[in-house]
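Structural overview for review
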Amino acid sequence: MLIIPCPWCGPRGEHEFTYVGEAGVVRPVPSQSISDADWARYLYGKRNEKGPHRELWVHAGGCGSCLVVERDTATHAVISVAKAGEP
Amino acid sequence: MSSRYSVLQLLRQGIAGHRGWTPAWRMAEPKKHYDVVIIGGGGHGLATAYYLAKRHGIRNVAVLEKGWIGGGNSGRNTTIVRSNYFFPESARIYDLALRLYEGLSEELNFNIMLSQRGLLTLAHSEAAFDLARRSVNAMLLNGVDVELLDRDQVRDEEPLLNFAADARYPIHGGYIQRRGGIARHDAVVWGYARAADALGVDIVQGCEVTGFRTVGGRIAALETNRGTIEAGRVGLVVAGHSGQLAAKAGFALPILSYALQAMVSEPIKPLLGTVVMSPTTGAYVSQSDKGELVIGAGLDLYPSYAQRGNLVTTRTILAGLAELFPSFRRLKLMRQWAGIVDVAWDYSPIIGPSPVEGLFLNCGWGTGGFKAIPAGGFVLAHCLATGAHHEFSAPFDLKRFETGALIDEAAGAGIAH
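Nothing here was measured: the structure is a model prediction, and the numbers come from that model.

1. Overview of the nonpolar core
All names here are of chain B. Counting 56 residues, the largest nonpolar core has I38, Y51 and Y192 as the members making the most contacts within it. Of all elements in the fold, only β1 (33–39), α2 (43–56), β2 (61–65), α3 (88–102), α4 (104–108), α7 (185–198) and α10 (373–386) reach the threshold of two or more residues within this core. Ranked by residue count, the leading element in this core is α10, at eight residues. Those residues in contact with Y192, other than ones at most four positions away along the chain, are L46, A47, Y50, Y51, L104, L108, I373 and P374. The next biggest cluster of nonpolar side chains, apart from the first, holds 33 residues, and it includes V209, A231, I255 and L361.

2. Re the sheet that holds strand β4 (residues 119–123) of chain B
Residues and elements named next belong to chain B. Read from one edge to the other, the open sheet built from eight strands follows the order β5-β6-β4-β13-β14-β15-β12-β16, with strand pairing classed as mixed. Edge positions in the sheet fall to β5 (147–150) and β16 (333–344), since each of these pairs with one other strand and no more. Strand-to-strand twist across the sheet, computed as the mean angle between neighbouring axes with direction ignored, equals 25°. Here helix α9 (residues 311–324) sits on the sheet and contacts β4, β12 (255–265), β13 (275–278), β14 (283–287), β15 (293–303) and β16; the angle it forms with β15, its principal contact strand, is near 140°.

3. Examining the packing of α2 of chain B against α10 of chain B
All names here are of chain B. Where α2 meets α10, the axes come as close as 7 Å, and the angle between the chain directions of the two elements is 55°. The angle between α2 and α10 places the two elements in the oblique class. In this structure, α2 crosses over α10, and the sense of that crossing is right-handed. Side by side, α2 and α10 meet where G43, H44, A47, T48, Y51, L52, R55 and H56 of the first sit next to I373, P374, G376, G377, F378, L380, A381, H382, L384 and A385 of the second. For the contact of α2 with α10, the class distribution of residues is ten nonpolar, seven polar and one charged.

4. A look at the interface of chain B and chain A
Listed as interface residues are 21 residues of chain B and, on the opposing side, 21 residues of chain A. Interface area, chain B with chain A, both sides summed: about 2000 Å², of which 57% is carbon and sulfur. Taken as a group, Y302, P303 and Y305 of chain B account for 28% of the area that chain B buries against chain A, more than any other trio of residues on that side. The interface formed by chain B and chain A holds zero salt bridges in total. Where chain B packs against chain A, one counts twelve residue pairs in polar contact (both at pLDDT 80 or more). For the side of chain B that touches chain A, the secondary-structure elements that each account for two or more residues are β12, β15, α9 and α11 (400–403) of chain B. Looking at side-chain class alone, the side of chain B that touches chain A contains 13 nonpolar, five polar and three charged residues.

5. Some words on the packing of aromatic side chains
For the coordinates displayed, the defined rule picks out 17 aromatic pairs over all chains. Residues W57 of chain A and Y302 of chain B carry aromatic rings whose centres are separated by 5.3 Å and whose planes lie at 50° to one another, so their mutual orientation is tilted. In this pair, W57 of chain A is assigned in strand β4 (residues 52–58) and Y302 of chain B in strand β15, connecting two distinct chains. An identical accessibility class is assigned to W57 of chain A and Y302 of chain B; each is buried. Residues Y51 of chain B and Y192 of chain B carry aromatic rings whose centres are separated by 5.8 Å and whose planes lie at 65° to one another, so their mutual orientation is edge-to-face. Placement of the pair is Y51 of chain B in helix α2 and Y192 of chain B in helix α7, with a sequence separation of 141 residues. Overall, the relative accessible area of 2% leaves Y51 of chain B in the buried class. Judged by its relative accessible area of 0%, Y192 of chain B falls in the buried class. Put simply, the rings of F17, Y19 and W57 of chain A together with Y302 of chain B pair up and form one aromatic cluster. One Lys or Arg, K83 of chain A, reaches over the ring of W8 of chain A and ends 4.0 Å from the middle of that ring. Against the face of F163 of chain B rests R155 of chain B, its NZ or CZ located 4.5 Å from the ring centre.

6. Quick notes on the pairing of strand β18 (residues 359–363) of chain B
Residues and elements named next belong to chain B. With five of five residues buried, β18 is to be regarded as a mostly interior element. The two faces of β18 match: L359, L361 and C363 on one face and F360 and N362 on the other face are all buried. In terms of strand pairing, strand β11 (residues 227–236) meets β18 through three bridges, oriented parallel. For L236, the partnering residue across the bridge sits in β18 and is L361. In this structure, strand β17 (residues 350–353) lies alongside β18, joined through four bridges in antiparallel fashion. Looking across to β18, one finds that I351 is bridged to N362. Adjacent in sequence and paired antiparallel, β17 and β18 are bridged by five residues, among which G358 carries a positive phi angle near 90°.

7. Some points on the sheet that holds strand β3 (residues 18–22) of chain A
Residue and element names in this part refer to chain A. Ordered by their spatial adjacency, four strands build an open sheet running β3-β4-β5-β6, and the pairing between neighbours is antiparallel. The strands lining the two open edges of the sheet, one partner per strand, are β3 and β6 (78–83). Across the sheet, the mean angle separating the axes of adjacent strands is 30° when strand polarity is ignored. Taken together, the five bridges between strand β5 (residues 66–72) and β6 define a ladder with antiparallel strand orientation. Across the sheet, the residue bridging to E70 is S80, located in β6.

Cut-offs applied
Numbers given for residues are sequential positions, taken from 1 along each chain in its written order. Each chain gets a letter, beginning with A, and each ligand a number, beginning with 1, in the order they are written. Since the coordinates come from a predicted model, pLDDT governs what is reported: local features require at least 70, and pairs of side-chain atoms require 80 or more to be given and counted, while whole-chain, interface and lining totals use all residues. Each side-chain value is worked out from all heavy atoms of the structure, with water and hydrogens disregarded. In this text, buried Ala, Val, Leu, Ile, Met, Phe, Trp, Tyr and Cys residues form a nonpolar core when linked through side-chain atoms within 4.5 Å. For each residue, the accessible area found with a 1.4 Å probe, counting protein chains only, is set against the maximum for its type, and the residue is called buried under 20%, exposed over 50%, and partly exposed in between. Under the DSSP-based scheme used, a helix requires at least four consecutive residues in state H or I and a strand at least two consecutive residues in state E, with every element numbered from the N terminus. By the convention used here, residues are in contact when the closest approach between their heavy atoms is within 4.5 Å. Here, strands pair whenever DSSP counts at least two bridges between them. To obtain an axis, a line is fitted to C-alpha atoms, over the contacting stretch when the element is a helix, and the angle between two such axes runs from 0 to 180 degrees between their N-to-C directions. The cut-offs work like this: below 35 degrees is roughly parallel, past 145 is roughly antiparallel, 65 to 115 is roughly perpendicular, and the gaps in between are oblique. Two helices crossing with the near one rotated counterclockwise from the far one by less than a right angle form a left-handed crossing, whereas a clockwise rotation gives a right-handed crossing. Only Asp, Glu, Lys and Arg are considered charged, only Ala, Val, Leu, Ile, Met, Phe, Trp, Tyr, Cys and Pro nonpolar, and every remaining residue, Gly among them, polar. Using a 1.4 Å probe, buried area is obtained as the accessible area two parts lose upon being combined, added over both of them. Within this document, salt bridges are pairs made up of a side-chain nitrogen of Lys or Arg and a carboxyl oxygen of Asp or Glu, the two lying within 4 Å of each other. Counted as a polar contact is a pair of N or O atoms within 3.5 Å, where, for protein atoms, one must be capable of donating a hydrogen and the other of accepting one, and residues adjacent in sequence contribute only when both atoms are in side chains. The aromatic pairing rule takes the rings of Phe, Tyr and Trp, using the six-membered ring of Trp, and pairs them if the centres are within 6.5 Å, calling planes under 30 degrees apart stacked, those over 60 edge-to-face and the rest tilted. Remark: a charge is flagged as sitting over a ring if the NZ atom of Lys or the CZ atom of Arg is within 6 Å of the ring centre and within 35 degrees of the ring normal.

On their own, these measurements won't tell you what the molecule is for.
This is the structure we're talking about:
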């Protein structure tokens, strides 16, 4: 089981969290001028890293805050956790 | 390769104390050049090599496997075969797989232990039963043999299910595909390997591809831990690691890699006649020939390459299963494991050309690759031999993610996502 140290609540088990997706994905604007290929890349072209991966999690069964978690997808080690929107 | 397997040979070897059996395939050393190189020695890769040699006469072929053949998802699945999909494109390709499975033991001269015991999908609410009815209608239109079952008919199939009045997951009915069932996963891998080897295909184990060499945008050679191997065409058939290798070839795939877990109980006497799937609880279960219950789970819902499933999903599935079959509650588990599956955004496979000329894809089977092995190999062999799509693979082209012509089998996949 993953133990994710929530900055607000402390270390909690993964069953309290919901995985959202890769962090740092920015929606291209304005949408009228985006090519199909670029739009597909935005929607589907995820990095799918093997190794350290920056991703968004929501502490849905806890404080509800959105977190940026760096996690190693090959070992499941949680490397760092930060509040979303903070550097 | 050893000679043809038969009852007579079995008797002869038995009398000789079984000391005369020879390896079923050669341990090939990689040559400098092949007409076609297939990366990945799982079921799909080996089936591709077999059909290339058998149907298209292309025999200067190598299958490169970084570990040992069948050591990845081909050895980690729940061995279920079925073709009960919703969309015509899916039904066509999965039913091709099932039909090929039906003749495979004979074709490969290797008993794949196909057991068409029926695949029963449960509906736990009135709404789920309505959906089942809709699915059954779609499948019948697709030419797939499914039957809608009411509650009593489900009870006739699997009397051990929980039909109590206070059941947490009441059974409203379900549907069954009688041609569905299970096959022996290792035998499928070994059977294709042996048959491909007999036709001249080199199966190279312990050979990891580390890079791609292109000339003018066209594939020319592969860098491996055992030297450079030139290739006319290349098939990329590596399931959960498709994205990793695509990145080395310079493009991205619309795929995420997840751990899909399964587990087996201690062996018990035969008590389960069919394969039972319960989409509501996410559990699916069959009984192996050894008597173990083979239990499948949903995905661990975050990307993973760790080949192990976490406890949260295990617990959810076992809780569901214990509610479905109260008599299973005291069974012990013997093993639990996970395979890394390549899930595309519409839960359908990606087959055909890639952005690199001469490099062809067979990936994105996600949670359901085993059942599709013969068809995946069949259509990819066609692509590699002709350079163009097979009629059945065309809808599954990578371009669909740009055009928007997705084939959304989230429900057909039958597994919680």
